[in-house]
Amino acid sequence: GGRDDQTTAFPPHKIIGNIYYVGTKSLAAFLIVTPQGHILINSTYERNVPIIQKSVEQLGFKFADVKILLGSHAHGDHQEGDALVKELTGAQVMAMAEDVPALRAMKPGGKEHPIDRVLHDGDSVTLGGTTLVARLTPGHSRGCTTWTLKAQENGKSYDVVIIGSFGTNPGFQLVNNADVPDIAGEFERAFKVAHSLPCDVPLGSHPAMYNLDEKYARLVKGGPNPFIDPAGYKLEVAIAE
């Protein structure tokens, strides 16, 4: 999306269980609500942090109750705002080890990028009875992270997958890449992991990755939860691969 899409709030809404959308039209941010505080996934750009805060408050939650900040991958449109979120909430910032160098180089306004816990593939992050598992799905960035968790709704448990990214942006060099010699192999690893994950509810770092516009339109009309879409997950992985 263009700059306006990146900085215009999308209507905040409940996705499923204790998972809510608090991002913009083209940059996803997710709030996971627990009795012991909340987890925020993706701060997006620093200029968007007030937009995310307002969305959290519109849902009836306190931004100051964010205890943990996670991210999808070390690109500015997803994690530039980490330092400001920590400044406002005191949240513990956690990041995949392979993304730490790129995050350390991300200094909006000269701010040091906070990292309180370094994660590795398969590590768990738990708060208030909710556990997320960090899965390394490299390629788009060295430490691109796909998050998995369970959500409960109407007495049923659903597998939720928040895709980090499987995309190759313009300028990605997949052959003879001096910085990442095995970048093609890293993408292959990511797709192997992606295919192995059970998924009922696909989400992603950009809302277009799970057709948010279409699903939200169905959500407001009522009826079955449109975000339960296992076939959509398989399609997104296949398209990217």
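Residues numbered from 1 in each chain as written. Predicted model: local features only at pLDDT ≥ 70, side-chain atom pairs only at ≥ 80, totals over all residues. Heavy atoms only, no water.

### Quick word on the environment of Lys-215
By the element assignment, Lys-215 lies in helix α7 (residues 212-221). Exposure remark for Lys-215: the relative accessible area of 3% places this residue in the buried category. Along the sequence, Lys-215 and Asn-225 sit 10 residues apart, while their C-alpha atoms lie 8.7 Å from each other. One polar contact links Lys-215 to Asp-229, side chain to side chain, over a distance of 2.8 Å. (Helix = DSSP H or I, 4+ residues; strand = E, 2+ residues; numbered from the N terminus. Buried < 20%, exposed > 50% of the residue type's maximum accessible area, 1.4 Å probe, protein only. Polar contact = N/O pair within 3.5 Å; in protein donor to acceptor, adjacent residues only side chain to side chain.)

### Side note on helix α2 (residues 49-58)
An α-helical turn contains 3.6 residues, so any two residues separated by three or four positions project in the same direction. Along α2, the residues classified as buried are Val-49, Ile-52, Ser-55 and Val-56. For α2, the angular spread of buried residues about the axis comes to 120 degrees, placing them on one side. Seen from the open side of α2, the exposed residues pointing more than 90 degrees away from its buried face are Lys-54 and Gln-58. Summarising the contacts, the buried residues of α2 are in contact with β3 (30-34), β4 (37-41) and α4 (82-89). Immediately downstream of α2, the backbone of Gly-60 shows phi near 95 degrees, a positive value. (Arc of directions from axis to C-beta. Contact = heavy atoms within 4.5 Å.)

### Re unusual backbone geometry
The backbone phi angle of Asn-42 is positive, close to 85 degrees, even though this residue is not glycine. Summarising the element assignment, Asn-42 is placed in the loop between β4 and α2. Its identity is not glycine, yet Asn-176 carries a phi of approximately 55 degrees, on the positive side.

### A word on the sheet that holds strand β8 (residues 124-127)
With mixed pairing, five strands are arranged side by side in an open sheet as β8-β9-β10-β11-β12. Two strands in the sheet have a free side with no partner beyond their single neighbour: β8 and β12 (201-204). Direction aside, neighbouring strands of the sheet carry axes that sit 25 degrees apart on average. Pairing geometry for strand β9 (residues 130-136) and strand β10 (residues 145-153), over four bridges, is antiparallel. Across the sheet, the residue bridging to Arg-135 is Thr-146, located in β10. (Pairing = 2+ DSSP bridges. Axes fitted to C-alpha atoms, helices over the stretch in contact; angles between N-to-C directions.)

### Re the packing of helix α6 (residues 183-196) against helix α8 (residues 230-240)
How two helices pack is summed up by the angle between their axes together with the distance between the axes. Taken N-terminus to C-terminus, the directions of α6 and α8 make an angle of 165 degrees; their axes are 10 Å apart at the nearest point. Relative to α8, the element α6 is oriented roughly antiparallel. Crossing hand, α6 versus α8: left-handed. Where α6 approaches α8, its residues Phe-191, Ala-194 and His-195 are matched on the opposing element by Tyr-233, Val-237 and Ala-240. Residue classes in the contact of α6 with α8 are distributed as five nonpolar, one polar and no charged. (Parallel < 35°, antiparallel > 145°, perpendicular 65-115°, else oblique. Left-handed = near helix turned anticlockwise from the far one by under 90°. Nonpolar A, V, L, I, M, F, W, Y, C, P; charged D, E, K, R; others polar.)

### Here's the deal with the sheet that holds strand β2 (residues 19-21)
Within a sheet, neighbouring strands are paired by backbone hydrogen bonds and run either parallel or antiparallel to one another. Strand order in the open sheet formed by seven strands is β1-β2-β3-β4-β5-β6-β7, and the pairing between neighbours is mixed. Looking along the sheet, the strands with just one partner apiece sit at the ends: β1 (13-16) and β7 (117-119). For this sheet, the mean inter-axis angle between neighbouring strands, taken without regard to orientation, is 25 degrees. Both β2 and β3 contribute to a ladder of three bridges, which runs antiparallel. Its bridge partner lying in β3, Tyr-21 is registered against Phe-30.

### As for the environment of Gly-167
When you line up the elements, Gly-167 lands in the loop between β11 (156-163) and α6. The spacing of Gly-167 and Asn-18 is 149 residues in sequence and 28 Å in space, taken between C-alpha atoms. Beyond its immediate sequence surroundings of up to four residues, Gly-167 is in contact with His-140, Phe-172 and Phe-187.

### Structural notes on the pairing of β11
With six of its eight residues buried, β11 lies for the most part within the structure. In terms of strand pairing, β10 meets β11 through seven bridges, oriented antiparallel. Residue pairing across strands places Glu-153 opposite Lys-156, the latter belonging to β11. Counted along the chain from β10 to the antiparallel partner β11, the turn is two residues long, and its residue Asn-154 has a positive phi close to 50 degrees. In this structure, β11 lies alongside β12, joined through four bridges in parallel fashion. Considered in β12, the bridge of Val-161 is made with Pro-202. You can see the chain leave β11, run along α6 and come back into β12, and the turn it takes is right-handed. (Right-handed = clockwise from strand over helix to strand, strands pointing away.)

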